[in-house]
Amino acid sequence: MIRVSLAVLVFLYLFVFIMAVFAVWVLEERRRQRHARVALQNRVHCSVCAYDFEDASSGLLPVCPRCGTTNERQKPSKI
Ligand SMILES: [Zn+2]
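Residues numbered from 1 in each chain as written. Predicted model: local features only at pLDDT ≥ 70, side-chain atom pairs only at ≥ 80, totals over all residues.

### Focus: unusual backbone geometry
For residues besides glycine, phi is generally negative; the peptide bonds are generally trans as well.
Here is step 1: With a phi close to 65 degrees, Ala50 is a non-glycine residue in the positive phi region.
Here is step 2: On the secondary structure map, Ala50 appears in the loop between β1 (43-45) and β2 (52-54).
Here is step 3: Under the C-beta neighbour-count criterion, Ala50 is labelled exposed, with 10 such atoms within 10 Å. (Helix = DSSP H or I, 4+ residues; strand = E, 2+ residues; numbered from the N terminus. Buried ≥ 20, exposed ≤ 12 C-beta atoms within 10 Å, placed from the backbone.)

The structure is reproduced here in structure tokens:
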């Protein structure tokens, strides 16, 4: 039989509980960032008319559907 004091038992309980909450939080945050990155992957911001549009093609310079300007793809910023 293992004898531990009540203080150690409470500490272990709280430590395990907080670590579990922290692990769930980190995993959920990673999942949220991955989904946001995928959602913004094809988004292009026009540098002339400031129009945001989706371009799923693999073209290097997508054309803005509003003003016809070619735009460079930009990496999505961190959220
Ligand atoms: Zn435009």
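### Re the confidence of the model for the protein
Here is step 1: On average, the protein scores 91 in pLDDT, and the residues at 70 or more come to 95%.
Here is step 2: Averaged pLDDT values over the elements of the protein bottom out at 92 in β1 and peak at 95 in helix α1 (residues 6-40). (pLDDT = per-residue confidence, 0-100.)

### Considering the domain arrangement of the protein
Here is step 1: Taken domain by domain, the protein holds domain 1 (1-40) and domain 2 (42-79).
Here is step 2: Look at where the C-alpha atoms of domain 1 and domain 2 centre, and you get two points 39 Å apart. (Domains from an automatic or database assignment.)

### Observations concerning the environment of Val4
Here is step 1: Tracing the chain through its elements places Val4 in the segment before α1.
Here is step 2: On the neighbour-count criterion, Val4 (10 C-beta atoms within 10 Å) is exposed.
Here is step 3: Linking Val4 and Leu61, residues 57 residues apart in sequence, is a C-alpha distance of 67 Å.

### Focus: α1
Here is step 1: The terminal C-alpha atoms of α1 lie 51 Å apart, and with 35 residues this matches the ideal 51 Å at 1.5 Å per residue to within 8%.
Here is step 2: Across the 35 residues that make up α1, only a small minority, zero, are buried. (Expected span 1.5 Å × (residues − 1).)

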